[in-house]
Amino acid sequence: MSGIPTTRTSWRTFAAALFVSLGVHGLLALAALSAPPRRPPPPNEPVDLEVVEVEREPEPQPEPEPEPEPPPPPPAPPPPRPAPLRVAKTPPPPQNEAPPPPPNEQPPEQPEGKPPPIRIGVSLSSTTEAGDMAVATGNTLYGKTDEVAGDPEKAKPYAAPVVEKAPFVPESRLSRLPMPRGGSCRASPNDYTPIARDEGIEGVVVLRVFIDETGKVGEVHVVQPLGYGLDEVAVRRMKACRFNPGLGPDGKPVGTEIRYKFRFQLDVW
């Protein structure tokens, strides 16, 4: 049988090897038993972490490179030379031409209170050149010309008689305000517009009225409107109204301008 010694020397070698092997295993077992017990690993504990931001100084930026200077602008072209002015030259009159006639002399002023007579015809100042047609000479074209031409020397400029108008005096300087003849300026029931009557509109239309020295109404302007067609009614009725004229500081009739309130009431109309 293989593996089993057969001779005495072989048995001794085998016994020594076995004894050494048992001794080594015994020492290992004894060392394992005499070793201190192994401690269990510590339990897992939470760990707190704190993050701290550290401010860093900004890195210095490189200085920007200076911009190149722009090239100088080109020189402006010289302004164009103005065109020479053309001056019309008047040719000298011929030597054999007669000198122009003198201008018409102004007629003498007529005495006050006696206007010059009206003469139908063409005035001498309106003619430029002579012709073959005979036209009556006068100082106005208004009317019918005479069948027989009159003496040109008797034709004088016509001036219409000057009518002196009363001065305008503001309302604050009047000694008496203009007053409507009959007490007031009122409208008839038919003047109330249907839309204003249906809507029940009542109120006052304020007018600015010019009244001359005879008491006649001139321009009328609406200062405060009421609408619904009542403003036009107030203006129309105001122009048909007559006034006793206002009196100035000297007590004479003058032209003036007043504010008049035209009232609309349904229970009255």
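Residues numbered from 1 in each chain as written. Predicted model: local features only at pLDDT ≥ 70, side-chain atom pairs only at ≥ 80, totals over all residues. Heavy atoms only, no water.

In this structure, T193 sits in the loop between β1 (179–180) and α2 (194–199). Within polar-contact distance, the side chain of T193 engages the backbone oxygen of Y228 at 2.8 Å. (Helix = DSSP H or I, 4+ residues; strand = E, 2+ residues; numbered from the N terminus. Polar contact = N/O pair within 3.5 Å; in protein donor to acceptor, adjacent residues only side chain to side chain.)

One pass over the structure, following the stated rule, counts 3 salt bridges. In this structure, the salt-bridge partner of R236 is D191, at a minimum N-O distance of 3.7 Å. Taken as a pair, R236 in helix α3 (residues 230–239) and D191 in the loop between β1 and α2 lie far apart in primary sequence, 45 residues in all. Overall, R236 belongs to the partly exposed group, its relative accessible area being 46%. For D191, a relative accessible area of 14% puts it in the buried group. E257 serves as the salt-bridge partner of R208, at 3.6 Å between the closest nitrogen and oxygen. (Salt bridge = Lys/Arg side-chain N within 4 Å of Asp/Glu carboxyl O. Buried < 20%, exposed > 50% of the residue type's maximum accessible area, 1.4 Å probe, protein only.)

The next thing to look at is the packing of aromatic side chains. Taken as a whole, this structure holds 4 aromatic pairs when the rule is applied. A ring pair is formed by Y192 and F264, whose centres lie 5.9 Å apart and whose planes are at 90°; its orientation type is edge-to-face. Here F264 lies in strand β7 (residues 256–264) and Y192 lies in the loop between β1 and α2, a separation of 72 residues in the sequence. A single burial state applies to Y192 and to F264, both of which are buried. Taken together, a centroid distance of 6.2 Å and an interplanar angle of 90° make the contact between F243 and Y260 edge-to-face. Of the two residues, F243 is situated in strand β4 (residues 243–244) and Y260 in strand β7; the sequence distance between them amounts to 17 residues. The pair F243 / Y260 is uniform in exposure class, with both members buried. Chaining the aromatic ring pairs together yields one cluster made of Y192, F262 and F264. (Phe/Tyr/Trp six-rings, centres within 6.5 Å; stacked < 30°, edge-to-face > 60°.)

Before going further, it helps to examine the pairing of β7. Along β7, the buried face is formed by T256, I258, Y260, F262 and F264; none of E257, R259, K261 and R263, which line the opposite face, is buried. Pairing analysis gives 9 bridges linking strand β2 (residues 203–211) to β7, with the strands arranged antiparallel. Residue R208 lies in a different strand from β7, and its bridge partner there is R259. (Pairing = 2+ DSSP bridges.)

A word on α3. Burial in α3 covers these residues: L230, D231, V233, A234, V235 and M238. Its buried side turned inward, α3 meets α2, β2, β3 (217–224), β4 and β7. (Contact = heavy atoms within 4.5 Å.)

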